[in-house]
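Observations on the three-dimensional arrangement
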Amino acid sequence: MLYNLILLQTAPAADYSGIIMIVALIAVFYFLMIRPQQKKQKEIRKFREGLQKGDNVITAGGIYGKIKEIKDTYFLISISDNTTIKIDKGSVYPSANDAKEQEANKPKA
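To start, this report covers the structure provided alongside it.

Conventions and cut-offs
- Within any chain, residue numbers begin from 1 and follow the written order of that chain's sequence.
- Reporting in this predicted model follows two pLDDT cut-offs: at least 70 for local features of residues, and 80 or more for side-chain atom pairs to be given and counted; totals over whole chains, interfaces and linings ignore these cut-offs and use all residues.
- As a rule here, side-chain values cover all heavy atoms of the structure and leave hydrogens and water aside.
- When the centres of two rings from Phe, Tyr and Trp lie within 6.5 Å, Trp using its six-membered ring, the rings pair. Their planes under 30 degrees apart give stacked, over 60 give edge-to-face, and anything left gives tilted.
- Two limits define a charge over a ring: the Lys NZ or Arg CZ must be within 6 Å of the ring centre, and within 35 degrees of the ring normal.
- Counted as salt bridges are all cases of a side-chain nitrogen of Lys or Arg within 4 Å of a carboxyl oxygen of Asp or Glu.
- The rule is simple: take the accessible area with a 1.4 Å probe, protein chains only, and divide by the maximum for that residue type; under 20% is buried, over 50% is exposed, in between is partly exposed.
- Helical segments are the DSSP runs of H or I of at least four residues, strand segments are the runs of E of at least two, and each set is numbered from the N terminus.
- Residue contacts follow a heavy-atom distance rule, with two residues in contact if any of their heavy atoms lie within 4.5 Å.
- In this scheme, patches are assembled from residues that exceed 30% relative accessible area and form no salt bridge. Like charges are connected within 9 Å, while nonpolar side chains (Val, Leu, Ile, Met, Phe, Trp, Tyr) are connected within 5 Å.
- In short, Shrake-Rupley with a 1.4 Å probe defines the accessible areas, and a residue's cover is counted only from the protein chains shown.

**Describing the packing of aromatic side chains**
Taken as a whole and judged by the stated rule, the model has one aromatic pair. Across from the ring centre of Y74, 4.3 Å away, lies the NZ or CZ of K86, which sits over that ring.

This is the structure:
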């Protein structure tokens, strides 16, 4: 009977250490995986909101073009003299040259 009492007394300490380890793992996962991804998504959203008529962009499919018109959910992009395509706002990225210029002009912290 004394052995049962000793085992029951040590059980809660083991549970707390397990819970602490799980919380620590979740915190590490959040700061190394989730937070940087949210930050990147915020930057992309900010870029898309700042696009204006005449900006050079790349579509998700790899098509280079210049924004001709901006609507609520899509862009009209001119890809050559007589060719205009309609694409969703979610599939637009900055052109490689613009991205390099922005990175070069970005103040270093």
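**Overview of the pattern of salt bridges**
In the structure shown here, the tally under the stated rule is one salt bridge. Residue E69 pairs with K71 through a salt bridge whose shortest N-O separation is 2.8 Å. Classification of E69 by relative accessible area gives partly exposed; the value is 33%. We classify K71 as partly exposed; its relative accessible area is 35%.

**Here's the deal with the environment of F75**
Here F75 shows up in strand 3 (residues 74-80). Distance in space between the C-alpha atoms of F75 and D88 is 6.3 Å, their sequence separation being 13 residues. Those residues in contact with F75, other than ones at most four positions away along the chain, are R48, L51, I67, E69, I70, I85, K86, I87, K89 and V92.

**Side note on the environment of G65**
Note that G65 resides in strand 2 (residues 64-70). With 19 residues separating them along the chain, G65 and T84 place their C-alpha atoms 9.0 Å apart. The residues contacting G65, other than those within four sequence positions of it, are D55, N56, V57, I77, S78 and I79.

**Notes on a nonpolar patch on the surface**
The grouping of V28, F29, Y30, F31, L32, M33 and I34 at the surface amounts to a nonpolar patch, some 700 Å² of accessible area in total. Looking at where M33 falls in the secondary structure, it is placed in helix 1 (residues 2-49).

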